[in-house]
Amino acid sequence: MTDRNRIIIVGAGHNGLVCAAYLARARREVLVLEASDRVGGAAITREFAPGFRVSACAHICYQLDAGISRELKLGAHGLKTAHANLRTVALATEGDHLVLHGGRLEAGLLPDKDRAALADYHDRMLRFARVLGKQHNRRPPRIGGGGRSELIAAAMLGLDIRRLGRDPMREFMRIAGINIFDVLEETFETPLLKGALALDAVLGTNLGPRSNNSVLTMLHRLSGQATGVTGGLSLPAGGMGAVSEALAAAARAGGATVRTGSPVASITLEGDRVSGVELESGEKLAAGTVISNADPARTLLQLVGARHLETGFVHRIRNFRSKGMAAKLHLALDGLPGFARLAAQRAGDRLVIAPDPVYIDRAFDHAKYGQCSPDPALEITIPSIHDRTLAPAGRHVLSAIVQYAPFDPRASTDAARAEFLERTLGLLERYAPGLRRQVVASELLLPADIEREFRITGGHWHHGELALDQILMLRPVPGAAQYAMPVDGLYLCGAGCHPGGGVMGAAGRNAAHAVLGGERAA
Amino acid sequence: MRHKDHFKTAVYQTPFHPRTSFDLTPMTKHRITGKDALPFLNRLITRDIAKIKPGRVGYCVWCDDNGQVIDDGTVFHLREGDYRLCSQERQLDWLTRSAHGFDVKIVEDTHEVAALALQGPTSCAVLKAIGCTGAEKLKPFDIAYFPFADGELMVSRTGFTGDLGYELWIDPARALELWDALFDKGGNHGIRPMGTHALEVARIEAGFIQAQVDFLPADQAIRIDRSRSPFELDLGRLVDFSKPNFNGRRALLEERRRGSRYRLVRLDIEGNKPARSAYIYDSKRNVVGTVTSAEWSPSAKSNIALASMHMPWGRPGDELWAEIYYQRELKWSRVMARCRVVEGAFFDPPRRRATPAADF
Ligand SMILES: Cc1cc2nc3c(=O)[nH]c(=O)nc-3n(C[C@H](O)[C@H](O)[C@H](O)COP(=O)(O)OP(=O)(O)OC[C@H]3O[C@@H](n4cnc5c(N)ncnc54)[C@H](O)[C@@H]3O)c2cc1C
């Protein structure tokens, strides 16, 4: 059968596209099938009000792998940045805001002690994040694998930790499993500083600053910068969708076919191996290899079906924690909002509302028990300041990640959404008086909305929580952490795999290598 | 009587202990029904359940994803799409967990069914004496229903002994009545209750393994080398790789490729001292296996054992020795006894399979 040579990729999220581009470069016949009518998954730009466009999910690019950008020539395929190096502004309700850039304080007031500690903290965390970052491009070791490559992979991880040196290594081991709240508490005094740093640890997670694992998630977030890949927080010109468009162009240039508007209903099997896919339209397409960019639960329980898998594996996939808590706010504004006491040239930076770690922890508490936070924590960008293509002249778009919103609120999703929007606008108004009157249109996506629009089960940023029991060789689940799933010819390539989510591309590339490696082994 | 409306002990008979009965009520029973009962069981169990037609019973094992045996038991295909799964250990958790994605209903009805084993050469005659006309026509692993009192008695030609025998299944409310009828009408056939020791002897003679004795259920094993695969329990015939998916399939394929770690063998041991828990040595005094079950067999008139051997030991013809400890008047002694690997059951009388079943 000639179709055995065909590789089908389910989903044109950025990881699916990276995977397609690498396989196409290796001269494989690749067909990408995307349910939505545009490529990119959670990395897209779309209109949410007439004339206003926004990065509808991911909005700041800080992890995109430099090797991937280079190898796939994303620049040549049209990717440009609107701003390459955003600062972080920790907004204060009264007094000075803090402007942070890497480990430096650029504006605002901090006691000397905190100022020194900040530089030291930043260096230390970057070193640790680098250990994690180094694993991103490696296939994680398989537990109990015992083979030579498994041992090498495990040894490399151990070696990277050892290479930190004795004291840093002890420190790494000490903090890796504890929480960001305690680490910040023992390092800094100023609540506003601690709040901004704590937010980095919990964005996109199901964690509060006092939850264990929150140091790990902070390191994961930093790991993009740590490996020096993009040099900081950037805004792609044209929004996040531009990254995906460039990836799609690279994949197509290599010979891959990308079809949008083609939702896959099921992954078909013949005996114990994949034989292709069936689209919702009823169309059947044969393939010897199927790689899914969809999340693990959707891929395995919905598209493959539990009955074709073994009980223990199904149980682990069902227990892969994947309920998101990050909501996304989009505002169409008829002018530039005026944040109190904020210099005009800073309004285009990354603005955070996280006055202190206890504030974030309280916000989390509500979500833990099924309510949206009455006083949420926010990460805000106004990309139209740097990118005039996003809004009509003189007008602006505000894009914010709002935490926390439970996946299944106690109230109905509609009621919860309305109330959360109201609370969030009220909060913004406190920081930017008059902002409410500038709002022409608004959109708030709760995790359940994100699940629906982006087809991410649970609406989680990383397709599933990044936690000690769900990372590296345990991601998504023990026994299937090498992109290859326990059905011959089936692979995963999305954020649910090592090294997790964020617009990075590493999962897609590693999966492509796993597929090519699997061909060699067979 | 412990459960006053259930059987206390049951009925078996061999030439040695004629006609015996044994209470199976505490054995775990699950009822599996619904549109997907067959695909559910086929994914759960290693053999092909589609081959067990309505009115038939099959012996089976089920494994975890690592291909290690969780338990063994019997599947009764009661009526089209309606199954009973019997096992020693409680399995509801595993069955429920396995049901995700299947349209099935699973209930544990251990205490809603009274069950009694009636085993031995005259067991068919006893059945006929209580009114199960035509019982002799049941083939091994057949199920039939007979009117009893004003209800129904289910009879299956199954059992945990290597002899002719049946298992009787009835509403607990009629259990006492059935017991009385068996002992009234079966008197001439020598019926009498049987205890666990007699059953233990009978099942080892038949070569049947038992959870917690000959293997540790995989879900209870903590150390990875403690559990066993079906191949390692000499149950490879119950593994059907032509099914595209079942629990343990991938691991078992891998085991078939790489080879097993252990094998279960039947040993005939010199002398008459049961080799319980004995180490098995090769000719150079290396430990190469352990006895899991051992008894003196009155039917085979030999000293028998089941043993788990490290590969490759346990081939017919291997020189093996059992280290047996025994007590005489409170003093312990030790003997090294020569072992012979036996193929097939120790006791396998033709009447076990003969249909129609004879009366004796
Ligand atoms: C609210 C929010 C904010 C975020 N902000 C940031 C940020 O600022 N910066 C950052 O780096 N990351 C951010 N992230 C994370 C980032 O967006 C994701 O981790 C990343 O986009 C995941 O990419 P992916 O390719 O692995 O999967 P996805 O982008 O989820 O792609 C999967 C694709 O598969 C498709 N698909 C699913 N099922 C089917 C089917 N049956 N048939 C066909 N196609 C199917 C989907 O439509 C989708 O296109 C954010 C996430 C969220 C939820």
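These figures come from a predicted structure and were not determined experimentally.

**Student:** Looking at this model, I keep getting lost on the domain arrangement of chain B. Mind explaining?
**Tutor:** How large an interface is tends to be reported as the accessible area lost when its parts come together. Residue and element names in this part refer to chain B. Partitioning chain B into structural domains gives domain 1 (11–205) and domain 2 (261–346). Here the C-alpha centre of domain 2 lies 31 Å away from the C-alpha centre of domain 1. Residue-level contacts link eight residues of domain 1 with 13 residues of domain 2. Both faces considered, domain 1 and domain 2 share a buried interface measuring about 860 Å² in area, 56% of it formed by carbon and sulfur atoms. Our enumeration of links across domain 1 and domain 2 arrives at zero salt bridges. Summed over the shared surface of domain 1 and domain 2, the result is six residue pairs in polar contact (both at pLDDT 80 or more).

**Student:** I'm lost on the packing of aromatic side chains in this one. Help?
**Tutor:** Both the distance between ring centres and the angle between the ring planes are used here to describe each pair of aromatic rings. Per the stated rule, a full pass over the model turns up 11 aromatic pairs over all chains. When the centroid spacing of 5.2 Å and the interplanar angle of 70° are considered together, the rings of Y121(A) and F188(A) count as edge-to-face. Remark: F188(A) occurs in the loop between α6 (180–187) and α7 (191–202) and Y121(A) occurs in helix α3 (residues 112–135); sequence separation between them is 67 residues. As far as burial versus exposure is concerned, Y121(A) and F188(A) are alike and both buried. Residues Y279(B) and Y281(B) carry aromatic rings whose centres are separated by 6.2 Å and whose planes lie at 75° to one another, so their mutual orientation is edge-to-face. Accessibility expressed as a relative area gives 43% for Y279(B), which makes it partly exposed.

**Student:** Explanation requested: helix α15 (residues 447–454) of chain A in the structure shown.
**Tutor:** Residues separated by three or four positions in an α-helix point in the same direction, a consequence of the helix having 3.6 residues per turn. All names here are of chain A. The set of residues buried in α15 consists of P447, A448, D449, I450 and F454. Residues of α15 that are buried make contact with β15 (326–333), α13 (413–431) and β19 (439–445). Note on α15: the residue one or two positions beyond its end, R455, has a positive phi of about 55°.

**Student:** Teacher, can you tell me more about the sheet that holds strand β12 (residues 273–279) of chain A here?
**Tutor:** To summarise the sheet geometry, strands pair through backbone hydrogen bonds and adopt either a parallel or an antiparallel arrangement. Residues and elements named next belong to chain A. Spatially, the three strands line up as an open sheet ordered β11-β12-β13, and their pairing is antiparallel. Since the sheet does not close on itself, it has two edges, and those belong to β11 (264–270) and β13 (284–286), each with one partner. Averaged over all adjacent pairs, the angle separating strand axes in this sheet is 30°, with direction ignored. Bridge count between β11 and β12: six bridges; the pairing is antiparallel. Paired with L269 across the bridge in β12 is V274.

**Student:** Can you walk me through the side chain of H77(B) in this structure?
**Tutor:** All names here are of chain B. Looking at where H77 falls in the secondary structure, it is placed in strand β5 (residues 69–79). The buried category is assigned to H77, whose relative accessible area is 3%. In this structure the side chain of H77 is engaged in a polar contact, spanning 3.1 Å, whose partner is the backbone nitrogen of G81. Within the structure, the side chain of H77 is placed 3.5 Å from the side chain of Y83, a separation counted as a polar contact. With residues up to four places along the chain from it excluded, the contact list for H77 reads I52, K53, P54, G55, R56, D82, Y83 and I143.

**Student:** I keep staring at the site of the ligand and nothing clicks. Help me out?
**Tutor:** Residues and elements named next belong to chain A. As a matter of local geometry, the ligand sits amid 34 residues, with N15, E34, I60, W461 and V503 nearest to it. Interatomic distance of 2.8 Å between a backbone N/O atom of A495 and an oxygen atom of the ligand. When the ligand is considered free in solution it has 1,000 Å² of accessible area, and contact with the protein chains removes 98% of it. Contributing elements (two or more residues each) for the shell around the ligand: α1 (14–25), α10 (296–305) and α15. Considered class by class, the residues forming the shell around the ligand number 19 nonpolar, 12 polar and three charged.

**Student:** Would you mind going over the interface of chain B and chain A with me for this structure?
**Tutor:** The partner chain A presents 19 residues to the 18 residues of chain B that form the contact. Interface area, chain B with chain A, both sides summed: about 1,500 Å², of which 42% is carbon and sulfur. Our enumeration of links across chain B and chain A arrives at three salt bridges. For D488(A), the salt bridge is made with R250(B), and the minimal N-O distance between the two is 3.2 Å. In this structure, the connection of chain B to chain A is made through 20 residue pairs in polar contact (both at pLDDT 80 or more). When contributions to the side of chain B that touches chain A are tallied by element, the ones reaching two or more residues are α1 (37–44), α2 (92–98) and α6 (249–258) of chain B. A class-by-class count of the residues in the side of chain B that touches chain A yields six nonpolar, six polar and six charged.

**Student:** Please explain the pairing of strand β1 (residues 6–10) of chain A as it appears in this structure.
**Tutor:** Side-chain direction in a regular strand flips from residue to residue, so the side chains alternate between the two faces of the sheet. Residues and elements named next belong to chain A. Counting buried residues along β1, five of its five residues qualify, which places the element largely inside the surrounding structure. Taking every second residue as pointing to the same face, both faces of β1 are buried, with R6, I8 and V10 on one and I7 and I9 on the other. In this sheet, strand β2 (residues 29–33) lies alongside β1 in parallel orientation, the contact comprising five bridges. Opposite I7, over in β2, you have V30 as the bridge partner. Of the crossover connections in this fold, the one passing from β1 over α1 to the parallel β2 is right-handed. Alignment of β1 against strand β14 (residues 289–292), held across four bridges, turns out to be parallel. Pairing of V10 across the sheet is with S292, part of β14.

**Student:** For this particular structure, what's the right way to read the environment of K323(A)?
**Tutor:** Residue and element names in this part refer to chain A. Take K323: it is sitting in the loop between α11 (311–318) and β15. Along the chain, K323 and A256 lie 67 residues apart, while their C-alpha atoms are 33 Å from each other. Apart from the residues lying within four places of it in its own chain, the contact partners of K323 are N206, F407, D408, G458 and H460. Within the structure, K323 has its side chain in polar contact with the side chain of D408 (distance 3.2 Å).

**Student:** Can you walk me through the pairing of β2(A) in this structure?
**Tutor:** All names here are of chain A. Counting buried positions over the five residues of β2 gives four, a clear majority of the element. Pairing analysis gives three bridges linking β2 to strand β10 (residues 257–259), with the strands arranged parallel. Each bridged residue has a counterpart across the sheet, and for V32 the counterpart in β10 is V258.

Conventions used here
Residues numbered from 1 in each chain as written. Chains lettered and ligands numbered in written order. Predicted model: local features only at pLDDT ≥ 70, side-chain atom pairs only at ≥ 80, totals over all residues. Heavy atoms only, no water. Domains from an automatic or database assignment. Contact = heavy atoms within 4.5 Å. Buried area = accessible area lost by both parts, 1.4 Å probe. Salt bridge = Lys/Arg side-chain N within 4 Å of Asp/Glu carboxyl O. Polar contact = N/O pair within 3.5 Å; in protein donor to acceptor, adjacent residues only side chain to side chain. Phe/Tyr/Trp six-rings, centres within 6.5 Å; stacked < 30°, edge-to-face > 60°. Helix = DSSP H or I, 4+ residues; strand = E, 2+ residues; numbered from the N terminus. Buried < 20%, exposed > 50% of the residue type's maximum accessible area, 1.4 Å probe, protein only. Pairing = 2+ DSSP bridges. Axes fitted to C-alpha atoms, helices over the stretch in contact; angles between N-to-C directions. Near = heavy atom within 4 Å. Areas by Shrake-Rupley, 256 points an atom, 1.4 Å probe, with all protein chains shown as cover. Nonpolar A, V, L, I, M, F, W, Y, C, P; charged D, E, K, R; others polar. Right-handed = clockwise from strand over helix to strand, strands pointing away.

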